Amino acid sequence: MVSHALIPTVLTPAVGKAVRAAARLRGGGTAFPGKVVEKLDPGFMARTLGQLPYGVVLVSGTNGKTTTTRIIASALESLGLRVFTNPTGSNFTRGVVSALLDRVGMDGRLDADIAVLELDEAYAVHFVRRVKPRYTLLLNVMRDQLDRFGEIDNTARLLGKAAAATTGTLVLNREDPRVAALASVAPRGTAIRYFGLDESLRRFFPSDDSMHCELASDGGAEADSGSKQVGEAAGSAGSAPDQLPADVTLMAVDGNSATFRMDDSEYDATLRLEGVYNLFNAAAAMTVVRAVMDDVNEKKLAASAAAQRSGRGSSIQDGNIHDDERSATGRSEDDAARRLIAAISEVTPAFGRGETIQVNGTVVELILVKNPMGFRLALTSFPAEGHGTMIVINDQYADGRDMSWLWDVDFASLRATGVDMVSGVRATDMALRLAYDGVEARSIDEGIDRAVKRFLAGNPNQPKHIYCTYTAMLAVRKRVATFTHVEDAGL
């Protein structure tokens, strides 16, 4: 095969690491070194990820990619695998390449068993042209960045490209009719698994269709009609949710605690993650982890059988699995499920996703919002009572230029407390939107640095919530870091 690299492939790690170091010294972004390497050596990503014995887990969808990727990676590490991931939420292919540059040796070797990668819906299409994922998790389809993706049916088509490239197991959200329908495009031989909700929880996690039916309705009868439409949509996708068997089902929620159903048994877990939506993300992550560990254990059983046939005994010496020889072979399903519950219970929040920072002894929670559903669930998960509230809205490319989605968020839960500070490029638009819902915006300042300082200084002993779009989150974290320690996100 002819290489199209502009530099010898043996030099790629050295060149990439040098660019990475220079970018950090100059305060450059996460993805810049990856952009350079993609130009100089287009085959670097596929060549490097191709070394992995268990391949790639691809995570995509509108909401929850970063947190779910973190849960999967953390759980697999707890269960004995060496995991490569893109932990900062830089979910374009160049972000993956940049993350690889941190992990590969000068010889180009990647010290990992499996990769768990989040990819933006559009860039997932570019990724799967180069790398076929062994496992793909598709979370949901919501109206996000309409200027980039257009209508949500187009977003579903983009995700369908990833589904069609999956070689091992495709994991789908059975509660989202557009996602569930993608089972039909999976290649022959690819296994399909679903994660889902108990019927009692569906109203807390509406799909895009049901949310907009609800927004358009005035009362219970019309809301029921909306639910019916969702059922019809699911039917058109192939099956109603209850007719699709879920590998992991979220049965009940209570704050950070949840009950999950696996293998006809129920298990309780208390997560360190904030937000009710992260409990559903955990169900998605657990479904993927179960698929991966089934394959790991199958490989171990095959290795053990081969060793016995050759007379070398039953000890498994797999140089790619490092769990101190604690094979899951022969363990009960209940034991495996409890190990998985224990693993997800230790996962901490991802960058900006309910991230908690202490400022002079006061808790400040940073909450990323990108679309109507995400903002709505965030407002539900972080009650305003007893907290100061700040909202920071930018409209740069990474946020999405079209902010009309703010009009599809119900801000009524903020009426009683009001919003202390509104900031960002679109601060005035956000304040106007709040006014239409009868929510007082006590202060408006487009300058994020000034606004964050004033917000943190006001009512210094009161816990605080800061809701931000993506680039606004970066600016807020940078400003908060001048007051207290903020974990380095690698940006």
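Our structure is the block above this text.
Quick caveat, the model's predicted, so the values are computed rather than measured. (Residues numbered from 1 in each chain as written. Predicted model: local features only at pLDDT ≥ 70, side-chain atom pairs only at ≥ 80, totals over all residues. Heavy atoms only, no water.)

## Considerations on the overall build of the protein
- Scanning the protein from N- to C-terminus turns up 17 helices and 15 strands.
- For the protein, with 491 residues in total, the buried portion stands at 55%. (Helix = DSSP H or I, 4+ residues; strand = E, 2+ residues; numbered from the N terminus. Buried < 20%, exposed > 50% of the residue type's maximum accessible area, 1.4 Å probe, protein only.)

## Considerations on the side chain of Thr190
- Looking at the element boundaries, Thr190 is found in the loop between helix 9 (177–180) and strand 6 (191–197).
- Taking relative accessible area as the criterion, Thr190 reaches 11% and is therefore assigned buried.
- Separated by 2.8 Å, the side chain of Thr190 and the backbone oxygen of Thr166 make a polar contact.
- If sequence neighbours within four positions are ignored, Thr190 has contacts with Thr166, Thr167, Gly168, Thr169 and Leu170. (Polar contact = N/O pair within 3.5 Å; in protein donor to acceptor, adjacent residues only side chain to side chain. Contact = heavy atoms within 4.5 Å.)

## Some points on helix 14 (residues 372–381)
- Within helix 14, eight of the 10 residues are buried, leaving the element largely enclosed by the surrounding structure.
- Of the residues making up helix 14, those classed as buried are Pro372, Met373, Gly374, Phe375, Leu377, Ala378, Leu379 and Ser381.

## Notes on the packing of aromatic side chains
- Taken as a whole, this structure holds five aromatic pairs when the rule is applied.
- For the ring pair Phe375 and Trp405, a centre distance of 6.3 Å and an interplane angle of 55° mean the geometry is tilted. Within this pair, whereas Phe375 is found in helix 14, its partner Trp405 is found in the loop between strand 12 (388–392) and strand 13 (421–423), the two being separated by 30 residues in sequence.
- Classification of Trp405 by relative accessible area gives buried; the value is 4%.
- Aromatic rings pair up to connect Phe375, Trp405, Phe411 and Tyr467 into one cluster. (Phe/Tyr/Trp six-rings, centres within 6.5 Å; stacked < 30°, edge-to-face > 60°.)

## Some details on the nonpolar core
- One finds Leu76, Phe260 and Phe375 to be the most contacted residues of the largest nonpolar core, which totals 76 residues.
- Residue contributions to this core peak at 15 residues, all from helix 12 (residues 276–309).
- With residues up to four places along the chain from it excluded, the contact list for Phe375 reads Val369, Ile391, Trp405, Leu406, Val409, Phe411 and Tyr467.
- Ranked by size, the runner-up nonpolar core spans 26 residues in total, among them Leu49, Ala112, Val128 and Val131. (Core = buried A, V, L, I, M, F, W, Y, C linked by side-chain atoms within 4.5 Å.)

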